[in-house]
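Observations on the model geometry
Take a look at the letters that make up each chain.
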Amino acid sequence: MGLDLGAARERVRVARALGTLPRLARALAWGELSYAKVRALTRVATPETEERLLAVGRAGTADHVERIVRGWRRVDRKAEAAEAARQHASRALHVYQDEGGMVTLRGRLAPEVGAVLLQALAAARETLYQRARPQDSDAGPVDVPAETATMAQQQADALALLAETALHHGIDPGAPAERYQVVVHVDAPVLADPDEPGQSVLEDGAHVPAETSRRLACDASRVVMRHARDGRVVEVAARTRTIPPALRRALHHRDRGCRFPGCGLRFGQGHHIRHWAQGGPTTLSNLATLCRRHHRAVHEEGYQLDREPDGALRFRRPDGHVLPEVPPPAEVSGDPGKLLRARHDEEGLVVHARTAMPGWLGERLDVGWAIDVLHPLARETNARG
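Residues numbered from 1 in each chain as written. Predicted model: local features only at pLDDT ≥ 70, side-chain atom pairs only at ≥ 80, totals over all residues. Heavy atoms only, no water.

Details of the overall build of the protein
Scanning the protein for helices and strands turns up 14 helices and 13 strands. Here the protein, with 385 residues, has 25% of them falling under the buried criterion. Summarising the internal contacts of the protein: among those between residues at least 6 apart in sequence, 53% fall at separations of at least 24. Summed over all atoms, the accessible surface of the protein reaches about 26400 Å², with 56% contributed by carbon and sulfur. (Helix = DSSP H or I, 4+ residues; strand = E, 2+ residues; numbered from the N terminus. Buried < 20%, exposed > 50% of the residue type's maximum accessible area, 1.4 Å probe, protein only. Contact = heavy atoms within 4.5 Å. Areas by Shrake-Rupley, 256 points an atom, 1.4 Å probe, with all protein chains shown as cover.)

In structure tokens, the structure reads:
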């Protein structure tokens, strides 16, 4: 029964894809391509690439097509990962003060981070303005501003409230408010395997890489929705926390912050070492605390995390090399300044106000001449010449 249902869903997916791929649809209808080939090609084909993939289908066997599609998807994933990395690298927030003392903000945020900010601003805006409105219009006068604040002004006030709240609570994320949350729609097969076709989008339709969805799903509220063959929602399960509150408290008590070597940031997110979508249990032994930065490194930047049989965590770089544990800083007994001066005296070092000053007198730097003088290969070339 499960296999039949899965096959039916796959046929629905193919049929929907063919609605935007007329050449492949025609080739299937005329018998030029088998259903197996079309099924594979529709996983990667777009209106822009349909023609060249149709040629692949006509020229190769079904096995050839499958292999090409797998390779095509690997390239897509690399391009997607590169784009996600580019967006992450371009994140910025510029804060500066103008001549009048007003603080100006300008920035760029990754889509999922921007969605968090927008939801938080909406929550703060409602707290400040919508909930403050009188519920009964016939009631007597209340203390309200003489002028209604513009949306831009409300956003500014909401941001101030977010900052004050964060400082008041020690920037501890705690349990997020359920009403204001970032919603990601992701198909179950995509969570289990990023290579599988399916959707991974924010509530507003913005695409999110599959691995980003897996990271967000590590520690979030989860609602399972079941769909009929035509795509209609037929069942919505109750919202559950991926990591129950009691287990979260035990996790924070055990890890005391981010476990990535050398980090130790106090607040973090629960990471499933083996993702729950792949059958990993939500147990203390399968969880580790990672800060936002290093959680992203493990999911989207190729770093790997495993738990050894003795319970120790092992982190690996993207190239497979093990990241060593960072030893705690050496304890310094006594006055650090006096100890440093004593060490300098032992080694005959004299540090004064002009020690770090360069000898440059303002003349123009001749880079070519400097390289000829400094670089060994440049000197060898000049000597041979």
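Considerations on the environment of His-185
Along the chain, His-185 falls in strand E3 (residues 184-186). Of the residues examined, His-185 reaches a relative accessible area of 27% and is grouped as partly exposed. Within the structure, the side chain of His-185 is placed 2.8 Å from the side chain of Glu-203, a separation counted as a polar contact. (Polar contact = N/O pair within 3.5 Å; in protein donor to acceptor, adjacent residues only side chain to side chain.)

A look at the pairing of strand E11 (residues 304-307)
Bridge count between E11 and strand E12 (residues 313-316): 4 bridges; the pairing is antiparallel. Across the sheet, residue Asp-306 finds its bridge partner in E12, namely Arg-314. Where E11 hands over to E12, the hairpin turn is made up of 5 residues, of which Gly-311 adopts a positive phi near 95°. (Pairing = 2+ DSSP bridges.)

Here we look at the packing of aromatic side chains
Summed over all chains, the structure comprises 2 aromatic pairs. Summarising the aromatic geometry, the rings of Phe-260 and Tyr-303 are spaced 5.7 Å apart at their centres and angled 70° between planes, so their arrangement reads as edge-to-face. Of this pair, Phe-260 sits in the loop between helix H10 (245-255) and strand E9 (269-272) while Tyr-303 sits in the loop between helix H11 (292-300) and E11, placing them 43 residues apart in sequence. With a centroid separation of 5.1 Å and an interplanar angle of 65°, the aromatic rings of Phe-260 and Phe-315 are classed as edge-to-face. Taken together, the residues Phe-260 in the loop between H10 and E9 and Phe-315 in strand E12 connect sequence positions 55 residues apart. Side by side, Phe-260 and Phe-315 carry an identical accessibility label, which is buried. The cationic tip of Arg-26 hangs over the ring face of Trp-30; the distance from NZ or CZ to the ring centre is 6.0 Å. (Phe/Tyr/Trp six-rings, centres within 6.5 Å; stacked < 30°, edge-to-face > 60°. Lys NZ or Arg CZ within 6 Å of the ring centre and 35° of its normal.)

Considerations on the nonpolar core
Ranked by internal contacts, the top residues of the largest apolar core, which has 16 residues, are Leu-24, Leu-33, Leu-41 and Val-69. Within the residue set of this core, elements represented by two or more residues are helix H1 (2-18), helix H2 (22-29), helix H3 (35-41), helix H4 (50-59) and helix H5 (62-89). If you look at the next biggest cluster of nonpolar residues, it comprises 11 residues, including Ile-273, Ala-288, Cys-291 and Leu-313. (Core = buried A, V, L, I, M, F, W, Y, C linked by side-chain atoms within 4.5 Å.)

A short note on the environment of Ala-122
As for its placement among the helices and strands, Ala-122 is situated in helix H6 (residues 111-130). Along the primary structure Ala-122 and Gln-154 are separated by 32 residues, whereas in three dimensions their C-alpha atoms are 9.6 Å apart.

Describing the pattern of salt bridges
Applying the stated criterion to the full structure yields 18 salt bridges. The shortest N-O distance in the salt bridge between Arg-215 and Glu-300 comes to 2.6 Å. Residue Arg-215 is located in helix H9 (residues 210-218), and its partner Glu-300 is located in helix H11; the two are separated by 85 residues in the primary sequence. The shortest N-O distance in the salt bridge between Glu-301 and Arg-296 comes to 2.8 Å. (Salt bridge = Lys/Arg side-chain N within 4 Å of Asp/Glu carboxyl O.)

Concerning the side chain of His-271
Inspection of the secondary structure puts His-271 in strand E9. Relative accessible area serves as the criterion here: at 3%, His-271 is assigned to the buried category. In this structure the side chain of His-271 is engaged in a polar contact, spanning 3.3 Å, whose partner is the side chain of His-299. When neighbours within four sequence positions are excluded, His-271 is seen to be in contact with Cys-218, Asn-286, Leu-287, Ala-288, Leu-290, His-295, Val-298, His-299 and Leu-305.

Things to note about H4
Residue pairs three or four apart in sequence face the same way in an α-helix, which turns once every 3.6 residues. Within H4, burial applies to Glu-50, Leu-53, Leu-54 and Gly-57. The buried side chains of H4 occupy one side of the element, clustering within an arc of 110° when seen end-on. Projecting away from the buried face of H4 at angles above 90 degrees are the exposed residues Glu-51, Arg-52 and Ala-59. Against H2, H3 and H5 lie the buried residues of H4. (Arc of directions from axis to C-beta.)

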